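Per-entry structural report
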Amino acid sequence: MSFSSPASTLEVEMPSGKPPILRVEAPVEASSWAAEHRDALRALVTEHGVVLVRGLGLREPDEVGAVFAKLAGALMTEREAFAPRETYAPGLYSSTTWPANQPMCMHHELSYLLEVPGLMLFACLGAPGQGGATAVADAEDVLQALPAALSERFEREGWLLTRSYNDEIGASLAESFGTDDHAAIEKYCRAQAIDFAWQPDGSLRTRQRRSAVVRHPLTGRRCWFNQIAFLNEWTLASEVREYLVDVYGADGLPFNTRFGDGTPIGEDIVQLLNTTYEEHTRREPWQAGDVMLVDNIRTAHSREAYTGERQVLVAMAEPQRLADGFPTPEASQR
C-alpha cells in the first residue's frame, strides 16, 4: 500500500507486541504540531490501523480538545452509551466509568449504531500506577483467526444486542439518548432500527440486530466489527453477573448479546472470542501527554485493569454508515 509524501516526514517505531509509536522529540505547541502533521498522521492510521503519539505534553482538557479538532475536525456526540461519561466539551469525554479492577475487553466503539465512529481519539492526562493500557487488536487478523464456522454464522446472521435501561445501573435514558422524553426516544429508536418496549415500571427494553463482519469503507477488507464479547453476560466478572441476574433476571440484564437469530451465546464462545483477541493484542502503557488515534473499524481496543488514578479523554469522529449493516426487520417496519 502506498501513501502520499506527508507520511514520509514522520517515522514510527514498530516494537513487537506494541502499537506503532511516533515520538515527538523537541518541545512543540501541540495543536500547531497536530495541524501541520495531520495528513501524515492520518496516513499512518490508514497504514497501521493505530498510532500512538508520545511527547506532545498535553496537560489540560482544553489542550486535548484543540489537538483533536486539528486532527479530526467535528467530533461526534455519543448516543446509546452503555455507561456514564463526564463531558468536558462537545464531543470530548472522559473514558467510560468502569471499575478499575475489571478489564473492558476488546470491542469496536458504538458498533451497534447504524452510523458508527470511523476514528477514535484518546489522550492521557494522568497515567495509572500499574496497568490501564488502551490495548489494540487488528480486526482483519482476528476475523481470520476465528473458526470459520463461527465467523460465517455471525456473518450470515449478525448479532443481537439487548438492553434494559433503569435508574440503578449503566447509562440512564437521558445519558444514552440525550433525553428522557418517551416520544423523542421512540422516534429515535424507529429511525435507528431499534425494537423497543416500555415495561410496567417505566423502564425501557430494546433489541437491535447488527452486522458482525463488515467491509472497511476505505480498503474494502473484511473486519470482525462488533461488541459481541464485550457486552455479553459471560464477560462480566462471575460475582457481578450473578448479582445482576439475581436482581434483574436473566432477561432484564442491562446489556447482553445473542446470535442474530436470538439464540443465546454460550460461555465457551465468549471465552473463545476473548482468547482470540488476546492472541492478537498489542499494548503500551500510557504516559501522561500521550495521544492515540485508532481506526475504529479496522482496530478493536480495550481497557485493562489498573491501580492508582487514570485520566484518559476520548473523542469519536468521522461517522460511517457501513454499507453491509442490516437493521432489525421488526424495528424497521414499525
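Residues numbered from 1 in each chain as written. Predicted model: local features only at pLDDT ≥ 70, side-chain atom pairs only at ≥ 80, totals over all residues. Heavy atoms only, no water.

What to know about the overall build of the chain
- The number of helices and strands found in the chain is 10 helices and 19 strands.
- In terms of overall dimensions, the chain is globule-like: its C-alpha atoms have a radius of gyration of 20 Å, near the 20 Å expected for 334 residues.
- Looking at the chain residue by residue over its 334 residues, the buried ones come to 52%.
- Residue pairs in contact within the chain that sit at least 24 positions apart in sequence constitute 81% of those at least 6 positions apart.
- As presented, the chain carries roughly 14,600 Å² of accessible surface, and 47% of it is formed by carbon and sulfur atoms.
- The distance from the centre of the 30 positive side-chain charges to the centre of the 47 negative ones in the chain is 4 Å. (Helix = DSSP H or I, 4+ residues; strand = E, 2+ residues; numbered from the N terminus. Rg over C-alpha atoms; globule rule 2.2 N^0.38 Å. Buried < 20%, exposed > 50% of the residue type's maximum accessible area, 1.4 Å probe, protein only. Contact = heavy atoms within 4.5 Å. Areas by Shrake-Rupley, 256 points an atom, 1.4 Å probe, with all protein chains shown as cover. Lys, Arg positive; Asp, Glu negative; His and termini not counted. Charge placed at Lys NZ, Arg CZ, Asp CG, Glu CD.)

Re the confidence of the model for the chain
- Per-residue pLDDT for the chain averages 92, and the proportion of residues at 70 or more is 94%.
- A low-confidence stretch, residues 1-8 stays under pLDDT 50, and its non-local contacts, those more than four residues away or across chains, total 10 contacts.
- Considering only residues more than four positions removed or in separate chains, one finds that residues 328-334, a stretch of pLDDT under 50, has 15 contacts. (pLDDT = per-residue confidence, 0-100.)

Digging into the packing of aromatic side chains
- Here the structure, examined in full by the defined rule, presents eight aromatic pairs.
- With a centroid separation of 5.8 Å and 75° between ring planes, the pair formed by Phe82 and Phe255 is classed as edge-to-face. Here the residue Phe82 occupies a position in the loop between helix 3 (61-72) and strand 3 (87-89), and Phe255 occupies one in strand 14 (residues 255-259), the gap between them amounting to 173 residues. When sorted by exposure, Phe82 lands in the same class as Phe255, which is buried.
- Between Phe154 and Phe259, the ring centres sit 4.7 Å apart and the planes meet at 20°, which makes this aromatic pair stacked. Linking Phe154 in helix 5 (residues 148-157) with Phe259 in strand 14, this pair joins segments that are 105 residues apart in sequence. There is no split in this pair, since Phe154 and Phe259 are both buried.
- Counting every residue linked through ring pairs, the aromatic cluster contains Phe82, Trp98, Phe230 and Phe255.
- The lysine or arginine in question, Arg241, covers the ring of Trp234, its NZ or CZ lying 3.8 Å from the ring centre.
- Cation over ring: Arg310 sits above Tyr306, and NZ or CZ is 5.8 Å from the ring centre. (Phe/Tyr/Trp six-rings, centres within 6.5 Å; stacked < 30°, edge-to-face > 60°. Lys NZ or Arg CZ within 6 Å of the ring centre and 35° of its normal.)

What to know about helix 7 (residues 182-191)
- The set of residues buried in helix 7 consists of Ile185, Tyr188 and Cys189. On an axial view of helix 7, the arc spanned by its buried residues comes to 100°, and they lie on one face. Exposed residues on helix 7 whose side chains face more than 90 degrees from its buried face are Ala183, Lys187 and Ala191.
- Where helix 7 is buried, its residues meet helix 6 (173-177), strand 10 (195-198) and strand 11 (204-210). (Arc of directions from axis to C-beta.)

Brief notes about the nonpolar core
- By size, the foremost hydrophobic cluster in this structure holds 62 residues, and its most contacted members are Phe82, Phe154 and Trp224.
- Once residues within four sequence positions are removed from consideration, Phe82 is found in contact with Thr96, Trp98, Met104, Tyr112, Arg163, Gly170, Ala171, Phe230, Leu231 and Phe255. (Core = buried A, V, L, I, M, F, W, Y, C linked by side-chain atoms within 4.5 Å.)

Comments concerning a negative patch on the surface
- On the surface, Glu29, Glu60, Asp62 and Glu63 cluster together into a patch of negative charge.
- Tracing the sequence through the fold places Glu29 in the loop between strand 1 (21-23) and helix 1 (30-36). (Patch = residues over 30% accessible without salt bridge, like charges linked within 9 Å, V, L, I, M, F, W, Y side chains within 5 Å. Salt bridge = Lys/Arg side-chain N within 4 Å of Asp/Glu carboxyl O.)

A few points about the pattern of salt bridges
- Within the structure shown, the criterion is met by 16 salt bridges.
- The salt bridge involving Asp261 is made with Arg153; its shortest N-O contact spans 3.4 Å. With a gap of 108 residues between them, Asp261 in the loop between strand 14 and helix 9 (267-279) and Arg153 in helix 5 connect regions that are remote in the sequence.
- Given the relative accessible area of 22%, Arg153 is considered partly exposed.
- Note that Glu304 and Arg283 form a salt bridge whose closest N and O atoms lie 2.7 Å from each other. With Glu304 in the loop between strand 17 (299-303) and strand 18 (306-307) and Arg283 in the loop between strand 15 (281-282) and strand 16 (291-295), the pair connects residues that are 21 residues apart, well separated along the chain.
- Relative accessible area serves as the criterion here: at 29%, Arg283 is assigned to the partly exposed category.

Description of the environment of Glu157
- By the secondary structure assignment, Glu157 is in helix 5.
- Along the chain, Glu157 and Met316 lie 159 residues apart, while their C-alpha atoms are 28 Å from each other.

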